[in-house]
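Working through the structure, step by step
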Amino acid sequence: MKRIGVLTSGGDNPGLNPCIRAVVRMGLHLGLEVMGIRRGYAGLVDGEMDTMDARSVGGIIGHGGTILGTARCPEFREVKGRREALRTLNRFGIDGLVVIGGNGSLAGAQALWEMDFPTIGVPSTIDNDVNGTDISVGVDTALNTILDAIDKIKDTASSHNRAFLIETMGRNSGYLALASGIAGGAEMVLCPEVDTQFEAVTDMIDKAYVLGKSHCIIVVAEGWKPGAQALIDHLRERKDTLGFSVRVTHLGHVQRGGSPSAFDRILATRLGAAAVQHLLDGKAGHIVGWVQSKTQLITLEEAISFHKAYSQDLWELAEIMAK
Ligand code: ADP
């Protein structure tokens, strides 16, 4: 293997740049040429890429976003698009590929691997729903961003005796909501994985008021049904019977940005570097995950076979702590 490519694909997160940097620098260290492919699979289909050197990734370890850009590429879901991608890879003389992204991007990596192209993945998504790895790149920074918001909202909530709904991202995964709820001392967490009725929420708000709490924080995952907006409408109808007045904050895309945390920088560096080493060692067809504080290979097939859910004991702990 002489020349490898690296791309970031799908939803962005704050750990992508340290991961690109690790791939490039480990690649150069091992005597490889590294091509940075722009806009995920779209750049692979269209042939948009540049040679990377050590300086092209200088100073990015502390920056959110991705210097390569990211995109969603519907063409790549079709065989025709993937054949174009293979043509591009051949045209540029690339003989191995590192894909940094979430479940969708890793499904794309598996599709390329099934076409016999040596491809390896690094799990990177704020949703923390990639199967086989304890954590994905970007999760920790997103969690810290949410936590910062919860702490600030708690200050104002306590001052005014308010209940706050705080909506977090995570698509169909409740991990971010649950973990930030625990770390932020929330009174309740609403996750897509658990069916929680409006009545349970109003009962809890009422109970928190009667217990003498000065605030009531409810973290709502964006994937929870029937959704934060429907809940706020319901709570407004019940406003005369609730002790707290209720406000809502949608955190939105701030969760995807910002300087990567120390944990994410180190995780991204370890996984990105190991991905190149394993690719060179003939271990394509895998992701490099993080299991019990060590890098671990998991087949791409297993990684994408289902979306990982949070562990039940974390959920139980959140309930016990919210007294
Ligand atoms: P994420 O990686 O954040 O989960 P997406 O689900 O949007 O993001 O996937 C990113 C891109 O990966 C898609 O736009 C598409 O190009 C590619 N992709 C997703 N699923 C597949 C699939 N089953 N086969 C081939 N490519 C896929």
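Fair warning: this is a prediction, and the values are worked out from it, not measured in the lab.

Most of strand E1 (residues 3–8) is tucked away: five of the six residues are buried. Of the pairings in the sheet, the one linking E1 to strand E2 (residues 33–37) comprises four bridges and is parallel in character. Each residue of the ladder has a partner; that of glycine 5, found in E2, is methionine 35. For the handedness criterion, the β-α-β arrangement of E1, helix H1 (residues 16–29) and E2 is classed as right-handed. As defined by bridge partners, E1 adjoins strand E4 (residues 96–101) across five bridges and the pair is classed as parallel. Counted as the bridge partner of isoleucine 4 is glycine 96 from E4.

With respect to the secondary-structure elements, threonine 168 resides in strand E6 (residues 162–168). Residues contacting threonine 168, with those up to four places away along its chain left out, are Ile146, Ala177, Ser180, Val219, Val220, Ala221, Glu222, Leu251 and Gln255.

What follows covers the pattern of salt bridges. Using the criterion set out here, one finds nine salt bridges in the structure. With a closest N to O distance of 2.5 Å, arginine 39 and glutamate 48 form a salt bridge. Where lysine 213 meets glutamate 187, a salt bridge forms, and the shortest distance between an N and an O atom there is 3.0 Å. Here lysine 213, found in the loop between helix H7 (198–210) and strand E8 (216–221), pairs with glutamate 187, found in the loop between helix H6 (175–183) and strand E7 (188–190); they are 26 residues apart in sequence, far enough to count as distant. No difference in accessibility class separates lysine 213 from glutamate 187, as the two residues are buried. Residues joined in a network through salt bridges with shared partners are Arg39, Asp46 and Glu48.

With domains assigned, the protein is organised as domain 1 (3–138 + 260–303) and domain 2 (142–256). With centres defined by C-alpha atoms, the gap from domain 1 to domain 2 works out at 35 Å. Between domain 1 and domain 2, a total of about 900 Å² is buried, with carbon and sulfur atoms accounting for 45% of that surface. For the pair domain 1 and domain 2, the interface holds two salt bridges. We note a salt bridge from arginine 171 to aspartate 127, for which the minimum N-O separation is 3.4 Å. The interface formed by domain 1 and domain 2 contains four residue pairs in polar contact (both at pLDDT 80 or more). Counted by class, the side of domain 1 that touches domain 2 contains two nonpolar, five polar and four charged residues.

Let us look at the environment of alanine 262. Locating alanine 262 in the fold gives a position in helix H9 (residues 262–280). Sequence separation between alanine 262 and valine 291 is 29 residues; the distance between their C-alpha atoms is 18 Å.

As a further point, take the sheet that holds E6. Ordered by their spatial adjacency, four strands build an open sheet running E7-E8-E6-E9, and the pairing between neighbours is parallel. The outermost strands of the open sheet, each flanked by one partner alone, are E7 and strand E9 (245–250). Averaged over all pairs of adjacent strands, the angle between their axes in this sheet comes to 20°, without regard to strand direction. Across six bridges, the pairing between E6 and E9 is parallel. Residue pairing in the sheet places isoleucine 166 in a bridge with threonine 249 of E9. Where helix H8 (residues 228–237) meets the sheet, it contacts E6, E7, E8 and E9, and its direction lies at approximately 165° from that of E9.

This part is about the site of the ligand. Contacts to the ligand come from 16 residues, most closely from Gly11, Arg72, Cys73, Gly104 and Ser105. Serine 105 places a polar side-chain atom, nitrogen or oxygen, 2.5 Å from an oxygen atom of the ligand. Its free accessible area being 560 Å², the ligand has 85% of it covered by the protein chains. The cavity that encloses the ligand is the second largest pocket.

One finds Val98, Ile100, Val122 and Ile217 to be the most contacted residues of the largest nonpolar core, which totals 58 residues. Here this core spans two domains, since at least three of its residues come from each of domain 1 (3–138 + 260–303) and domain 2 (142–256). Grouped together as the second largest cluster of nonpolar side chains are 26 residues, Ala42, Leu86, Ile94 and Val99 included.

A surface patch of nonpolar side chains, about 220 Å² in accessible area, is lined by Met1, Leu30 and Leu280. Looking at where methionine 1 falls in the secondary structure, it is placed in the segment before E1. A relative accessible area of 40% places methionine 1 in the partly exposed class.

What counts, and where the lines are drawn
- Residues numbered from 1 in each chain as written.
- Predicted model: local features only at pLDDT ≥ 70, side-chain atom pairs only at ≥ 80, totals over all residues.
- Heavy atoms only, no water.
- Buried < 20%, exposed > 50% of the residue type's maximum accessible area, 1.4 Å probe, protein only.
- Helix = DSSP H or I, 4+ residues; strand = E, 2+ residues; numbered from the N terminus.
- Pairing = 2+ DSSP bridges.
- Right-handed = clockwise from strand over helix to strand, strands pointing away.
- Contact = heavy atoms within 4.5 Å.
- Salt bridge = Lys/Arg side-chain N within 4 Å of Asp/Glu carboxyl O.
- Domains from an automatic or database assignment.
- Buried area = accessible area lost by both parts, 1.4 Å probe.
- Polar contact = N/O pair within 3.5 Å; in protein donor to acceptor, adjacent residues only side chain to side chain.
- Nonpolar A, V, L, I, M, F, W, Y, C, P; charged D, E, K, R; others polar.
- Axes fitted to C-alpha atoms, helices over the stretch in contact; angles between N-to-C directions.
- Near = heavy atom within 4 Å.
- Areas by Shrake-Rupley, 256 points an atom, 1.4 Å probe, with all protein chains shown as cover.
- 1 Å grid on protein atoms, 1.4 Å probe; cavity = no way out; pocket = protein on both sides within 12 Å on 5 of 7 lines; lining within 4 Å.
- Sits in = over half its atoms within 2 Å of the grid points.
- Core = buried A, V, L, I, M, F, W, Y, C linked by side-chain atoms within 4.5 Å.
- Patch = residues over 30% accessible without salt bridge, like charges linked within 9 Å, V, L, I, M, F, W, Y side chains within 5 Å.

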